[in-house]
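Architecture and fold: a report
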Amino acid sequence: MKFEIKKEWCLAAARREGDVEVGAGSLAFDPTPEIEDAAVQGLPTEAMQLAFGKLVNFLRRQRSWSIEQLARQANVDAAELLLIEKEARHQTEPHTVFQLAQVFHLNFKGLQQLAGLAVVRNHQVVTEAIRFAAHSDSIEKLSPDQARSVEEFVAALNRLADGEKASQ
Amino acid sequence: MTATASTVHLLEMATGKLVEADLLDQVEERHLKDWDTQWRPLVAATVRRLVTTNAPMSQWPQSFHWNWRQKIEDMKGILSGASFCIECEGVTQGMMALNVTSARTRLAQQKGQHLVYVEYLEAAPWNRPEHVAQPRFRGIGSILMYAAVARSQAEGFKGRVGLHALPQSHVFYADKCGMTDMGPDPNVQKLHYFEMTVEQAEGFVDGKERS
């Protein structure tokens, strides 16, 4: 389909449009806008899973383990661990999450939620997870600040996984 | 089938000058790749910035709660339907998907007539003030709406267009495009339904001045 839209029309339309938002259609819309007090479904799963990958990466490095060493410790596939750490969209197997919870002494329910395998009951989990992921970066050695960040996040995850309210 | 490109112009905010762009009558794989590799990271960066500054969730961009995985699947579906996009400097600046077969008008004066329904319309995040301090290009929404009207005319629907606008976009569709706001639609997440009549469509493509 060929169009002939005059330059003058484009200029006038652009000026008229200004900086207003133009998004339309339910595909461009948050499908769960009233999530604050509901079971947190369809939340930023990718960000949660990113936090999951970061957490596994940090806890592994805290112990100075290679991915292969962690795979042996947890009795899981090294290739899946690599995907967990590097690919936020990876769908982790429930068995792997269970094994990781065991080896890192984490709350299984909380880790399930973080990995996108269970419904998040407490909105604070999401906020904490995203804050943790945003705080982390890719430097090789854990800084004291990062180590503290891991500890605080694990504590929050364990506390909040069952829907308990965070103490502010 | 290869997309047909038409030359259009966008207003570049940094220079205040018009720059040439292509309006394409089909979203192709490379445009979805731009969405995946360039649009999404910028939205994620906005959220990271808001989180690190402890901004309340209510201030997060409304697009952030998208279930990305589902959206990716829906975006792929765009390839199979009627769609348009704008490319400028080799990058996708905006996309739109249309339903040109099954939608009907709701306004009393034209009720039951065929119309083109805008399933999805979005500008790249760097063109939106909620993501960047100074948007790069202006005019994307207007040109895509021009394409929707023209497609409606080509289908014999005389320019009739309908859509559900995001809450922050009411001003654009009501005041800038001159469409009729029919209020919240309980069947579509209470999004306001907007419709463009034949006369409104003529006014829009003629470029009649509005507020």
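Described below are features of the structure shown in this document. Just so we're clear, the structure is a prediction, and the values are computed from it rather than from any experiment.

Scanning chain B from N- to C-terminus turns up five helices and nine strands. Counting from the amino terminus, chain B carries its helices and strands in the arrangement β-β-α-α-β-β-β-β-α-β-α-β-β-α. For chain B, buried positions account for 44% of its 211 residues. Across chain B, every contact between residues at least 6 apart in sequence was considered, and the portion connecting residues at least 24 apart equals 59%.

Along the backbone of chain A there are eight helices and zero strands. Ordered by position from the N terminus, the helices and strands of chain A form the series α-α-α-α-α-α-α-α. Burial statistics for chain A: of 168 residues in total, 41% are counted as buried.

All names here are of chain B. Of all seven residues that make up strand β3 (residues 82-88), seven are buried, and the element is covered over most of its length. With three bridges joining them, strand β2 (residues 17-24) and β3 adopt antiparallel strand pairing. Across the sheet, the residue bridging to Leu23 is Ile86, located in β3. For β3 and strand β4 (residues 91-99), the ladder comprises seven bridges, and the chain directions are antiparallel.

Next up on the list: the sheet that holds strand β9 (residues 191-196) of chain B. Taken in spatial order, the nine strands of this open sheet run β6-β1-β2-β3-β4-β5-β7-β9-β8 (chain B), and their pairing is mixed. The open sheet terminates on both sides in strands that have one partner only, identified here as β6 (137-138) and β8 (180-185) of chain B. Where β8(B) lies against β9(B), four bridges are found, and the strand directions are antiparallel. Along β9(B), the bridge assignment pairs Thr180(B) with Glu195(B). Helix α1 (residues 7-17) of chain A contacts β1 (5-12), β2 and β6 of chain B of the sheet and is inclined by roughly 45 degrees relative to β1(B).

Within the secondary structure, His164(B) sits in strand β7 (residues 161-165). Look at His164(B) and you get buried, because 26 C-beta atoms sit within 10 Å. Counting along the chain gives 31 residues from His164(B) to Glu195(B), while the straight-line C-alpha distance between them is 8.8 Å. If we ignore the near neighbours within four places in the chain, the residues touching His164(B) are Ala24(A), Gly25(A), Ser26(A), Asp185(B), Val188(B), Leu191(B), His192(B) and Tyr193(B).

With that out of the way, let us pick up the nonpolar core. Residue and element names in this part refer to chain B. Residues Met96, Ile143, Leu144 and Ala148 are the most contacted members of the largest nonpolar core, which totals 60 residues. Per-element tally for this core: the top contributor is helix α3 (residues 140-154), with nine residues. For Leu144, the residues in contact, after removing those within four places along its chain, are Phe84, Ile86, Gly94, Met96 and Leu121.

Before going further, it helps to examine the packing of α3(B) against helix α5 (residues 198-206) of chain B. All names here are of chain B. In contact at an axis separation of 10 Å, α3 and α5 are set at 130 degrees when each is read in the N-to-C sense. Of the possible angle classes, the one that applies to α3 and α5 is oblique. Between α3 and α5 lies a crossing of left-handed hand. Facing α3, whose interface residues are Tyr146, Val149 and Ser152, α5 presents Ala201, Phe204 and Val205. Within the contact of α3 with α5, the residues separate by chemical class into five nonpolar, one polar and no charged.

Moving on to helix α4 (residues 78-86) of chain A. Residue and element names in this part refer to chain A. Buried residues of α4: Leu81, Ile84 and Glu85, and no others. Down the axis of α4, the smallest arc covering the buried residues is 90 degrees, so these residues share one side. Residues Ala79 and Lys86 are exposed on α4 and point more than 90 degrees away from its buried face.

About the thresholds
- Residues numbered from 1 in each chain as written.
- Chains lettered and ligands numbered in written order.
- Predicted model: local features only at pLDDT ≥ 70, side-chain atom pairs only at ≥ 80, totals over all residues.
- Helix = DSSP H or I, 4+ residues; strand = E, 2+ residues; numbered from the N terminus.
- Buried ≥ 20, exposed ≤ 12 C-beta atoms within 10 Å, placed from the backbone.
- Contact = placed C-beta atoms within 7 Å.
- Pairing = 2+ DSSP bridges.
- Axes fitted to C-alpha atoms, helices over the stretch in contact; angles between N-to-C directions.
- Core = buried A, V, L, I, M, F, W, Y, C linked by C-beta atoms within 7 Å.
- Parallel < 35°, antiparallel > 145°, perpendicular 65-115°, else oblique.
- Left-handed = near helix turned anticlockwise from the far one by under 90°.
- Nonpolar A, V, L, I, M, F, W, Y, C, P; charged D, E, K, R; others polar.
- Arc of directions from axis to C-beta.

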